[in-house]
Amino acid sequence: MASTALLKGTKFLVPAVLLALVGTLVFGILTAAPRTPPAMLGASASLHGGLARIHGVIPLEVDGWMPPAPSAALANPPGEELHRVRILVELTAMERDGLSFDPSRYAVSSLGAGTWKPVWFSPAPATARQGESINATLVFELPDRAIDLTLELPGGQGLSLGAGHHRGGR
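Within every chain, residues take consecutive numbers counted from 1 along the sequence as written. Totals for whole chains, interfaces and linings use all residues, but because this is a predicted model, local features are given only for residues with pLDDT of at least 70 and pairs of side-chain atoms are given and counted only at 80 or more. To obtain the side-chain values, all non-hydrogen atoms of the structure were used and water was disregarded.

1. Some details on the pattern of salt bridges
One side chain can pair with another of opposite charge once the charged atoms of both are near each other. By definition, a salt bridge exists where a carboxyl oxygen of Asp or Glu is found within 4 Å of a side-chain nitrogen of Lys or Arg. Per the counting criterion, the structure on display carries four salt bridges. A salt bridge links arginine 53 to glutamate 90, with the nearest nitrogen and oxygen atoms 3.3 Å apart. Within this pair, whereas arginine 53 is found in strand β2 (residues 50-59), its partner glutamate 90 is found in strand β3 (residues 82-93), the two being separated by 37 residues in sequence. A relative accessible area of 31% places arginine 53 in the partly exposed class. Of the residues examined, glutamate 90 reaches a relative accessible area of 19% and is grouped as buried. With its nearest N and O atoms 2.2 Å apart, the salt bridge here joins aspartate 63 to arginine 86. Of the two residues, aspartate 63 is situated in helix α2 (residues 60-63) and arginine 86 in strand β3; the sequence distance between them amounts to 23 residues. Counting from the N terminus, the helices are the DSSP runs of H or I reaching at least four residues and the strands are the DSSP runs of E reaching at least two. Buried residues are those whose accessible area, probed at 1.4 Å on protein chains only, stays under 20% of the maximum for their type, while exposed residues exceed 50% and partly exposed ones sit between those limits.

2. Digging into the sheet that holds strand β9 (residues 133-143)
With antiparallel pairing, five strands are arranged side by side in an open sheet as β1-β2-β3-β9-β7. Strands at the two margins of the open sheet, each flanked by one partner only, are β1 (44-47) and β7 (120-122). Looking at each pair of strands side by side, their axes are set apart by 30° on average, direction ignored. With three bridges connecting them, β7 and β9 associate as antiparallel partners. Paired with phenylalanine 121 across the two strands is leucine 138, which belongs to β9. Whether two strands pair depends on DSSP finding at least two bridges between them. Under this scheme, a helix contributes an axis fitted over its contacting stretch, all axes are lines through C-alpha atoms, and angles between N-to-C directions fall in the 0 to 180 degree range.

Purely geometric numbers; function is a separate question.
Printed below as a string of C-alpha cells:
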C-alpha cells in the first residue's frame with residue numbers, strides 16, 4: 001500500500017520538477033539583458049574618451065613572445081585547456097578631456113563561459129591628450145574552447161577577437 005502511494009507521488013513529482021527546470025530556463029532567457037554585438041575584428045569601436053582598434057590577436061605559443069622584463073605572471077605555462085593570447089590595441093583620444101588607459105578596466109568575455117582579466121599588460125595606466133594614441137599590449141589566458149570572444153572596453157561596445165587565435169582544444 002505504501003509503495004502504491006510512493007509510485008503515485010513519483011509520477012507527479014518528476015514531471016513537476018522537469019516543468020520547474022524548463023520554466024526557470026525560459027525565464028532566465030527572457031529576462032537576460034541583450035548582449036551588444038562587438039565591432040568586427042579590424043574595425044574601430046568607441047570607448048570613454050576616444051576610439052579603440054585591435055591590431056593583432058596573437059597566441060604566445062605561436063610566436064614565442066615574452067615581455068621585455070621577466071614577469072612572474074608569465075613564468076609558468078598556462079593552466080590546462082588554456083592558452084595565452086597577446087592583444088595589441090591602439091587607443092586614440094578623440095575627446096577634449098583625452099583618454100585614460102587603465103588595464104584593470106579591460107577584460108575578455110565569451111558567450112556563456114565567463115570573463116577574464118589580463119595577466120600582463122603594457123604600458124602601465126596612462127593618459128593620452130586629444131589626438132594622441134596609446135599602443136597597449138594585453139595578455140590574457142583564455143580557454144581553448146571559448147567561443148565568441150570579445151575585448152570589453154570601458155564605456156564601449158567591445159571588439160571581436162575573431163577565431164584565429166584558437167588552438168582547437170589541442
